[in-house]
There are 2 protein chains.
Amino acid sequence: MKDLARELGMSVATVARAFHEGAAIAAETRALVLSRAAALGYQPNALARGMITRHTRIVGVVVSDLHNPFYPDALARLSEALQQAGCNMMLVTGGGRPGHPKAGGEMAALRLLLSYQPECVIILATTLSSAGAEACAAAGTPLLYLNRFPAAATAASSIVCDNAGGAAALTRHLLDRGARRPAFIGGLEDSSTQAERRSGFLSVCAERGIAPREHPAGAFSYEAGQEAALALLQGPEAPDALLCASDILALGALETARHRLGLRVPEALLVAGFDDIPMAAWPSHALTTLRQPLDAMLRAALDWLEPVLAGLPPAPALIRLPGTLVARGSTAVTTMMLEEQECPTP
Amino acid sequence: MKDLARELGMSVATVARAFHEGAAIAAETRALVLSRAAALGYQPNALARGMITRHTRIVGVVVSDLHNPFYPDALARLSEALQQAGCNMMLVTGGGRPGHPKAGGEMAALRLLLSYQPECVIILATTLSSAGAEACAAAGTPLLYLNRFPAAATAASSIVCDNAGGAAALTRHLLDRGARRPAFIGGLEDSSTQAERRSGFLSVCAERGIAPREHPAGAFSYEAGQEAALALLQGPEAPDALLCASDILALGALETARHRLGLRVPEALLVAGFDDIPMAAWPSHALTTLRQPLDAMLRAALDWLEPVLAGLPPAPALIRLPGTLVARGSTAVTTMMLEEQECPTP
DNA sequence: TTGAAAGCGCTAACAC
DNA sequence: GTGTTAGCGCTTTCAA
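Since the model is a prediction, treat every value here as computed from it, not as a measurement.

A. Looking closely at the sheet that holds strand 2 (residues 88–93) of chain A. Strands sit in the order 11(A)-5(A)-4(A)-3(A)-1(A)-2(A)-2(B)-1(B)-3(B)-4(B)-5(B)-11(B) across an open sheet of 12 strands; the sheet is mixed. Each of the sheet's edge strands pairs with one partner strand only, and the pair in question is strand 11 (318–321) of chain A together with strand 11 (318–321) of chain B. Recorded for the sheet is a direction-independent mean angle of 20° between the axes of neighbouring strands. With three bridges joining them, strand 4 (residues 143–146) of chain B and strand 5 (residues 157–161) of chain B adopt parallel strand pairing. Its bridge partner being in strand 5 of chain B, Tyr145(B) is matched across the sheet by Ser158(B). Helix 5 (residues 70–84) of chain A contacts strand 1 (58–63), strand 2 and strand 3 (120–124) of chain A together with strand 2 (88–93) of chain B of the sheet and is inclined by roughly 80° relative to strand 2 of chain B.

Structure, rendered in structure tokens:
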């Protein structure tokens, strides 16, 4: 910038003003500066700018599990939205469950992230313990949870799908289609998503007087779904319907039920998931699921972001948006089940 | 930092030194500073540090298509590797093909990224036209292509899978299993990946004296695979084998062939992909594919990164690593095909 | 509308 | 080992 100023015979201050929307500068001066800058490929240094203005236009994003296809999808949309808002995304990925060897690395990465003075941190994950929230609080960085409800202690904001309501709708759907021995396959033990979905399942079972079964798969992964299916579906009194805490779990269970245990879905077993990842719609799977309202969630996130980028304190929000039940072949009513329904228990 | 220095009765320089590995500072002084800093949740400002040292430890990453499951996978590993190297990742996502409405946004985002003075930019994508490379060159930022071979003009480095060799191996695999009318389903028109995979296919066809067929799907997506299958597989002289330029394409084609066209795979149609995304291994799909050597590619990327982070000019590399053919059910030899093979053309 | 000058938070010479 | 000083590239008062 100093070079540019010298070359154009102006002060650095004038050159700097050319790069600012509302600055007091003659239109022609600005045009001159900008054209010369473009020719040189010059751009103001965002680090230096950030130091002075105390606005970096960096948004930190923490994603725990890119292997669950829900997250790449959400991340892509979030990234697009941030780019449109003129922000830059710093990404931290964190492997696995808290207490896991990798969890430490995640915290270190978050701390490193915070040292770049991001405008805020968005946690797009079911994990990351409260330690992360504390670190953000200590740094004075606003925190938004997407798809996770914060622990009671934190002052963070949160935007989630109505997990309990969605799971309840799915459970009713399963029961209405003739399920008599439904089971819930849980995901990551200490995630709010899992807890809420489970409670939706349990409450509908209670309401209908059905004994709930469940299996803690321990993770939101295809492999966990496989293991859960193997553990649950063998033996005489096996479940006749599975509500899985996420689609990727459901697909692992579904594939295992069909191809390893030889169970027909939906004839002998109903399966439902949660999220509506792209693979759920593939005809081989045709997985009934609850579609998360991603668009609405991101819109809410951007609304939350607006004051934060303007330097104002964020409006602490706890937003819960309803999803949509998407019924597909994995819970289709077959003739066999209709007959069962007509003459329930002997 | 000033506050900390005052509180501890030291100069800012001493406090600063506590945060640097090799700095000349007494062990006890350092311990004192670090413990007080930890208590306050203080961390040095990375922006200020970056300005002086001219090392930001920011690595820019451009990903074009998070909807293709290959990329989240690669991104997750890259991110982990970068975090381990003490770097922070700035992510730019870019929608679609060049010339597309979104392509402009991608360039704007890249320019914004460059203004944060990243140590380098890694392009994890088949797209992003040479304009991106020029912008990096103008900014003096080293550029590494992962999974894309650069245009002749650029000075950028590149790490790719041996696409031509892999596609050739797959083509031989298909022909050895009895394919007589193989077709290639291409992806994004102007990507090097697509061009190299296509050339591998064509050269083996030529070598074996087989007339190649092909269909330009126009994108590396499930939907493009669906459309390609519909366009190719109807009519009397339809292909009996598909080599798809990527797994996600192949899965779109495979699902459509089976569920919409009623074709049996592998009995009536062989299908192979490229990449080895997780879904390829799911039993419903059991897709034969060529596994990209992601681990080796990332290792090579880190080797390339090392001098760059040290401030040295990067060793311009054009690294091509061999993949592994993974044979699965979608190209299994069936009795029917064996018979065909035993008495080829009447 | 422009220029001069101060300073954001930190590091790196250089003295001591 | 530690303090002093200058300055990274920019924005932003304040005067002109």
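Next comes the rest of the description.
B. The arrangement of the pattern of salt bridges in detail. Across all of its chains, the model carries 24 salt bridges over all chains by this definition. Residue Glu196(A) is joined to Arg320(A) by a salt bridge in which the shortest nitrogen-to-oxygen separation is 3.3 Å. With Glu196(A) in helix 9 (residues 192–208) and Arg320(A) in strand 11, this residue pair connects regions lying 124 residues apart in the sequence. Ionic pairing is found between Arg328(B) and Asp276(B), a salt bridge with its closest N-O pair at 3.1 Å. Within this pair, whereas Arg328(B) is found in the loop between strand 12 (324–326) and helix 13 (335–342), its partner Asp276(B) is found in the loop between strand 9 (270–272) and strand 10 (289–291), the two being separated by 52 residues in sequence. The pair Arg328(B) / Asp276(B) is uniform in exposure class, with both members buried. Look at the salt bridges and you will find they share partners, linking Asp276(A), Arg291(A) and Arg328(A) into a network.

C. Region of interest: helix 10 (residues 222–232) of chain B. Residue and element names in this part refer to chain B. Residues of helix 10 that are buried: Tyr-222, Ala-224, Gly-225, Ala-228, Ala-229 and Leu-232. Down the axis, helix 10 shows its buried residues gathered within 155° of arc, on one side only. Those residues of helix 10 hidden inside the fold are in contact with strand 6 (182–186), strand 7 (213–216), strand 8 (241–244) and helix 11 (247–259).

D. Representation of the domain arrangement of chain A within the structure. Here chain A is partitioned into domain 1 (2–44), domain 2 (54–161 + 293–323) and domain 3 (163–291 + 325–342). Centre-to-centre separation of domain 1 of chain A and domain 3 of chain A, based on C-alpha positions: 61 Å.

E. Inspection of the relation of the copies chain B and chain A at higher detail. In screw terms, the move from chain B to chain A is a rotation of 180° and a rise of 0.1 Å along the axis, fitting with an RMSD of 0.2 Å. As the rotation angle and translation indicate, the two copies are arranged about a two-fold axis. Taking the C-alpha atom as reference, chain B places Met90(B) closest to the rotation axis, 2.2 Å from it. The fraction of interface residues of chain B whose copies in chain A are also interface residues reaches 100%, indicating that both copies meet through the same surface.

What counts, and at which threshold
Residues numbered from 1 in each chain as written. Chains lettered and ligands numbered in written order. Predicted model: local features only at pLDDT ≥ 70, side-chain atom pairs only at ≥ 80, totals over all residues. Heavy atoms only, no water. Pairing = 2+ DSSP bridges. Helix = DSSP H or I, 4+ residues; strand = E, 2+ residues; numbered from the N terminus. Axes fitted to C-alpha atoms, helices over the stretch in contact; angles between N-to-C directions. Contact = heavy atoms within 4.5 Å. Salt bridge = Lys/Arg side-chain N within 4 Å of Asp/Glu carboxyl O. Buried < 20%, exposed > 50% of the residue type's maximum accessible area, 1.4 Å probe, protein only. Arc of directions from axis to C-beta. Domains from an automatic or database assignment. Least-squares fit on C-alpha atoms with pLDDT ≥ 70 in both.

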